[in-house]
Amino acid sequence: MGSLQPEIEKHLEGIRLLSSSDFAGFAILDHQEYIIRWKYVSGNRNERYKRIRLRPGKGIAGQVIKHGRPVIFDSQYDKRLIDLREYPILLAESLEAVAAVPVTLKYAVTGVLMIGSRILRDFDKQTVELLESIAEQLGSMIQNYNKQEDRDIFQSIRTPNSNKTNRKLGG
């Protein structure tokens, strides 16, 4: 089995194209540091996403991980009512609309799959369901992966050491 990185990047590119989005990203919660980082992206304009560090509950990825359910910012929300500095990925990639869903491993939310558009648009139910389906596939791929070179990347998300981050979905 080869490296997991090309598989994740293939999924990101696929969801970006299928959803007619400008950006797709996969953020991972590091349970040891209790920090969320955007690990893989497709359609990025720059490398600023690499410097984004979030705590659960902060930013779009943090909200998805904290609550264990999708977060959607599209034409239905009033951008003037939020402080964009609290959503660094929107600023870093000039995103006007995003849909983000949880990625789970053994019922624990450990990552976020997100798509975004640089123009204001709506994400329909089918697009969100497609995103959730790919998030489920990503979770399964990571859980079943055993390649040594990628173990370091994913080790911290496989063994959470905090009950806060290991809460069950729907509970």
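None of the values given here were measured: they were computed from a predicted structure. (Residues numbered from 1 in each chain as written. Predicted model: local features only at pLDDT ≥ 70, side-chain atom pairs only at ≥ 80, totals over all residues. Heavy atoms only, no water.)

## What to know about the overall build of the chain
- The helix and strand tally for the chain stands at five helices and six strands.
- Secondary structure of the chain in N-to-C order comes out as α-β-β-β-α-β-α-β-β-α-α.
- The buried share of the chain, taken over its 171 residues, is 47%.
- Across the chain, contacts joining residues at least 24 apart in sequence account for 62% of those joining residues at least 6 apart.
- Of the roughly 9,000 Å² that the chain leaves accessible, carbon and sulfur atoms contribute 46%. (Helix = DSSP H or I, 4+ residues; strand = E, 2+ residues; numbered from the N terminus. Buried < 20%, exposed > 50% of the residue type's maximum accessible area, 1.4 Å probe, protein only. Contact = heavy atoms within 4.5 Å. Areas by Shrake-Rupley, 256 points an atom, 1.4 Å probe, with all protein chains shown as cover.)

## Considerations on helix H1 (residues 4–18)
- Between its first and last C-alpha atoms H1 spans 21 Å; for 15 residues at 1.5 Å apiece the expected length is 21 Å, and the two agree.
- Listed in full, the buried residues belonging to H1 are Leu 4, Ile 8, His 11, Leu 12, Ile 15 and Arg 16. End-on, the buried residues of H1 take up no more than an arc of 130°, which puts them together on one face. Across from the buried face of H1, at angles greater than 90 degrees, the exposed residues are Lys 10, Leu 17 and Leu 18.
- Looking one or two places after H1, you find Ser 20, whose phi comes out positive at around 55°. (Expected span 1.5 Å × (residues − 1). Arc of directions from axis to C-beta.)

## Observations concerning empty space enclosed by the protein
- Applying the stated criterion to the full structure yields one cavity of 30 Å³ or more.
- Put simply, the largest cavity is a space of about 30 Å³.
- As for the largest cavity, its lining consists of Trp 38, Ile 52, Leu 54, Gly 59, Ile 60, Ala 61, Tyr 87, Pro 88 and Ile 89.
- Looking at the lining of the largest cavity, the elements that each hand over two or more residues are helix H2 (59–67) and helix H3 (88–93).
- Looking at the lining of the largest cavity, the element that brings in the most residues is H2, giving three residues.
- When its residues are assigned to classes, the lining of the largest cavity shows eight nonpolar, one polar and no charged. (1 Å grid on protein atoms, 1.4 Å probe; cavity = no way out; pocket = protein on both sides within 12 Å on 5 of 7 lines; lining within 4 Å. Points joined across faces, edges and corners; volume = space filled by probe spheres on them. Nonpolar A, V, L, I, M, F, W, Y, C, P; charged D, E, K, R; others polar.)

## Points about the packing of aromatic side chains
- For the structure shown, the criterion picks out two aromatic pairs.
- On the numbers, 6.4 Å between centres and 15° between planes, the contact of Phe 26 with Tyr 40 is stacked. Taken together, the positions of Phe 26 in strand S1 (residues 23–30) and Tyr 40 in strand S2 (residues 35–42) put the pair 14 residues apart, joining distant regions of the chain. Residue Phe 26 shares its accessibility class with Tyr 40, and that shared class is buried.
- Aromatic pair Phe 73 and Tyr 87: ring centres 5.2 Å apart, planes at 75°, arrangement edge-to-face. Here Tyr 87 lies in the loop between strand S4 (71–73) and H3 and Phe 73 lies in strand S4, a separation of 14 residues in the sequence. (Phe/Tyr/Trp six-rings, centres within 6.5 Å; stacked < 30°, edge-to-face > 60°.)

## Let's talk about the packing of H1 against helix H4 (residues 125–144)
- Between H1 and H4, whose axes approach to 11 Å, the crossing angle comes to 175°. The angle between H1 and H4 places the two elements in the roughly antiparallel class. Facing H1, whose interface residues are Leu 4, Glu 7, Ile 8, His 11, Ile 15 and Leu 18, H4 presents Leu 130, Leu 131, Ile 134, Gln 137, Leu 138, Met 141 and Ile 142.
- Grouping the amino acids of the contact of H1 with H4 by side-chain chemistry returns 10 nonpolar, two polar and one charged. (Axes fitted to C-alpha atoms, helices over the stretch in contact; angles between N-to-C directions. Parallel < 35°, antiparallel > 145°, perpendicular 65-115°, else oblique.)

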